[in-house]
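# Residue-level structure breakdown
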Amino acid sequence: MPKNYRQCLKVILFPVLLLVVLCHFWNPSRSLGVDIRPRQGRTIQKLLSRKIQHIMRNYSDITYTIKENVARQLAQNACVCQAGEETFYLPFSDQFFPRVWAHNLQHAFLEMQPDPEGVKYQRAEEYRQFLRRSYTPADMLIIAEAKSPLQYPTQGVEVQPLKTIIIPGLGLNQEAKNSYMVRLTATMGTFDVAATVDRVSVKGVGEKHISLSSPVLSALNRQLQFITYTNTVFHPKTADSVQFGTEGHQSYFTIKVGHRVAPKLYNAGQSKGYNITSLVTIATKTFLRYDKLKDLIDSIRQFYPTITIVIADDNKHPQPVTGPHIEQYIMPFGKGWFAGRNLAVSQVATKYVLWVDDDFIFTGNTKLEKMVDILEKTTLDLVGGAVREVTGYTATYRHTISVEEGGEDGDCLNMRDGYHHVIEEYPNCVVTDAVINFFMAQTDKVRQVGFDPRLSRKGHLEFFIDALGTMHIGSCSDVIVNHASKIKLPWTKTETQKAYEQFRYSSTSADNDIHNEVFYFKNRFKCMTSQ
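One structure accompanies this document, and this report is about it. Everything numeric here is computed off the predicted structure, so don't read it as measured data.

On a plain count of helices and strands, the protein chain comes out with 15 helices and 28 strands. Within the span of the protein chain, comprising 531 residues, buried residues form 41% of the whole. For the protein chain, contacts bridging at least 24 residues in sequence account for 70% of all contacts bridging at least 6. Total accessible area on the protein chain is roughly 30,300 Å²; 55% of this is exposed by carbon and sulfur atoms.

Have a look at this one:
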């Protein structure tokens, strides 16, 4: 063998062997997984809770007198379903003096159920899951013990608009002196005391500034345990910064003001395992591809015969798509891709929505149960699958997305292929920021982010960019849907196929202008980079 030939062969084989070795050892399924299960009730929270209880028990030997008018304003955590009493009756009295009405939802709903206790259990389980998913460590009550010498809550204090709470954890720790004094100042509420303690002077009751003084430190600290805050400026979601000080020291803490988030629970019934029909709705958008849509529906019915399929249709000459559990919604002609997504998702009544293209094909590998399982057991809001082409190539389209501050001209958007980490107990699943056009998600989260209807012909990553900071996204490579073949010889294409390609893949300056406006103006990006 000539010497030059052997050298060339070495040059070619070396990078090939190196690539094989890298592929063998760099396997996501072998990476260390990260636990993304809901974290409510972990050890740190229990330790903080015990610590707070210990703090609140201090000075329990000092007597106090309840102020009934203030104590009545505090939340009792025991609401009663009770209508206002009719004290007198006159013609049209209901119009001039409307009474509070009450409707016992528990009674009205449960009396219609064959198994009311089972329904109550299912509702409680759903609520527990909601609490686990919505919990964040920023909600924990944390108290900074007196070392400054002020003791106060650093986070976790919340009040509903125009309501009253006791501020937990206030205290003073100073060396012996003749007199002790503290002061509090708020901007969106007033202070009061729920009880009075002997030998403590309180000034500024019912005002934004209150001061307390006493010659006895323990008495002052006991009085601080009854300080109340009443929000006086209505806002559904804001915060008040409270100043807390004593001579030579000043601290600040925040009281969150806002309505409690009403949970949105889905009654999927009672069954062993996951009832996919009750949990998931399949949504798609179709345009000039009724033949592909029929193949998609037929494939779905092989595996999920009773699952609901919602179709958004913006064809110029719509054709009825009929069958059990099929809902077709007609749109104005050519209304577009993202507008169709909005319409389809708006009609979903289940906990989860599965988005598919109208030219996908379900197979034995399209296991929706796997997607439901990871959404139910982790903090993920959306999980993507994989799409297999007729050539055998399978894509997940995983991307990481980040935004860098860029000054007055706007920020920089960076998109890269890849993911953040593997998910513990799900070796084929990763956490990422964007996935392929085959995903299952919490219906309410998708509605919360929404799809910009101006993006009519092209759009995908725009949704995930809008979802940054709102949705926790994952991708599983072992849930696979097939993609109908796009390989067509030019002379075999039908007029409908030609029209679709012309409409779908042609790009106008107006389309480009819209994308530029979305990124530059709406998202305030001055630059975007992609891999």
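Next comes the rest of the description.
In this section: helix α7 (residues 217-224). Most of α7 sits inside the fold, with seven of its eight residues counted as buried. Those residues of α7 that fall on the buried side of the exposure criterion are Leu217, Ala219, Leu220, Asn221, Arg222, Gln223 and Leu224.

Next up on the list: the packing of aromatic side chains. The geometry of an aromatic ring pair is captured by two quantities: the separation of the ring centres and the angle between the planes. A full pass over the atoms with the stated rule returns twelve aromatic pairs. Both rings, one in Tyr304 and one in Phe362, keep their centres 6.5 Å apart while their planes meet at 85 degrees; by these two values the pair is edge-to-face. With a gap of 58 residues between them, Tyr304 in the loop between α9 (290-303) and β16 (308-313) and Phe362 in the loop between β19 (360-361) and α11 (368-377) connect regions that are remote in the sequence. Each member of the pair, Tyr304 as well as Phe362, carries the same accessibility label: buried. Seen from their ring centres, Phe338 and Phe451 are 5.3 Å apart, and the 70 degrees between their planes marks the pair as edge-to-face. Taken together, the residues span a long stretch of sequence, with Phe338 in helix α10 (residues 337-346) and Phe451 in the loop between α12 (443-449) and α13 (461-466) at a distance of 113 residues. By the burial criterion, Phe338 is buried, and Phe451 matches it. Chaining the aromatic ring pairs together yields one cluster made of Phe338, Phe439, Phe451, Phe463 and Phe464.

So, about the side chain of His483. Tracing the backbone shows His483 in strand β27 (residues 473-483). The class of His483 is buried, set by a relative accessible area of 11%. Among the polar contacts listed, one links the side chain of His483 to the side chain of Glu389, at a separation of 3.0 Å. The contacts of His483, once residues within four sequence positions are left out, are Asp359, Phe360, Val387, Arg388, Glu389 and Val390.

Let us now look at the sheet that holds strand β7 (residues 180-185). Spatial strand order, β4-β14-β13-β7-β11-β10: six strands in an open sheet with mixed pairing. Two strands in the sheet have a free side with no partner beyond their single neighbour: β4 (158-159) and β10 (201-203). Relative to strand β11 (residues 209-214), β7 runs antiparallel, the two sharing six bridges. Across the sheet, Val182 pairs through a bridge with Leu212, a residue of β11.

Turning our eyes to something else, we now look at the sheet that holds strand β12 (residues 227-231). The antiparallel open sheet is built from three strands, whose spatial order is β5-β12-β8. Of all the strands in the sheet, just β5 (164-166) and β8 (189-193) have a single pairing partner and so form its edges. For this sheet, the mean inter-axis angle between neighbouring strands, taken without regard to orientation, is 25 degrees. Where β8 meets β12, five bridges bridge the pair, whose relative direction is antiparallel. Bridge pairing in β12 places Thr190 opposite Thr230.

Now for the pattern of salt bridges. Applying the stated criterion to the full structure yields 17 salt bridges. With a closest N to O distance of 2.2 Å, Arg128 and Glu125 form a salt bridge. Placement of both Arg128 and Glu125 in helix α6 (residues 116-134) is noted, with a separation of three residues, approximately one turn of the helix. Connected through shared salt-bridge partners, Asp452, Arg454, Asp466, Glu517 and Lys522 make up one network.

As a further point, take the side chain of Asn523. Tracing the backbone shows Asn523 in the loop between α15 (509-522) and β28 (525-530). With a relative accessible area of 19%, Asn523 lands in the buried category. The contact partners of Asn523, leaving out residues within four places of it in the chain, are Ile465, Asp466 and Val518.

Let us look at the state of the cysteines. As enumerated under the stated definition, the model contains one disulfide in all. Disulfide partner of Cys429: Cys476, at an S-S distance of 2.0 Å. Across the S-S bond of Cys429 and Cys476 the torsion is about 115 degrees, and the bridge reads as right-handed. On the criterion of sequence distance, the pair formed by Cys429 in strand β25 (residues 426-432) and Cys476 in strand β27 is long-range, its members being 47 residues apart. Taking the relative accessible area as the measure of exposure, Cys429 reaches 4% and is therefore buried. For Cys476, a relative accessible area of 4% gives the class buried. Of the cysteine sulfurs around Cys412, a residue in no disulfide, the closest is that of Cys527, at 4.6 Å.

With a phi close to 60 degrees, His325 is a non-glycine residue in the positive phi region. If you trace the backbone, His325 turns up in the loop between β16 and β17 (326-330). Judged by its relative accessible area of 38%, His325 is partly exposed. A positive phi angle, near 75 degrees, is found at Glu425, a position not held by glycine.

On the secondary structure map, Cys412 appears in strand β23 (residues 411-417). Cys412 gets classed as buried once you look at its relative accessible area, which sits at 18%. The residues touching Cys412, leaving out its near neighbours within four places in the chain, are Ser402, Val403, Glu404, Phe525, Lys526 and Cys527.

Here the focus is the nonpolar core. Residues Val280, Leu354, Phe362, Leu368, Phe438 and Met440 are the most contacted members of the largest nonpolar core, which totals 40 residues. In contact with Val280, not counting residues within four places along its chain, are Ile307, Thr350, Tyr352, Leu354, Val372 and Met440. Of all hydrophobic cores here, the second largest spans 36 residues; its members include Leu212, Ala219, Leu220 and Phe226.

Parameters at a glance
- Residues numbered from 1 in each chain as written.
- Predicted model: local features only at pLDDT ≥ 70, side-chain atom pairs only at ≥ 80, totals over all residues.
- Heavy atoms only, no water.
- Helix = DSSP H or I, 4+ residues; strand = E, 2+ residues; numbered from the N terminus.
- Buried < 20%, exposed > 50% of the residue type's maximum accessible area, 1.4 Å probe, protein only.
- Contact = heavy atoms within 4.5 Å.
- Areas by Shrake-Rupley, 256 points an atom, 1.4 Å probe, with all protein chains shown as cover.
- Phe/Tyr/Trp six-rings, centres within 6.5 Å; stacked < 30°, edge-to-face > 60°.
- Polar contact = N/O pair within 3.5 Å; in protein donor to acceptor, adjacent residues only side chain to side chain.
- Pairing = 2+ DSSP bridges.
- Axes fitted to C-alpha atoms, helices over the stretch in contact; angles between N-to-C directions.
- Salt bridge = Lys/Arg side-chain N within 4 Å of Asp/Glu carboxyl O.
- Disulfide = S-S within 2.5 Å.
- Core = buried A, V, L, I, M, F, W, Y, C linked by side-chain atoms within 4.5 Å.

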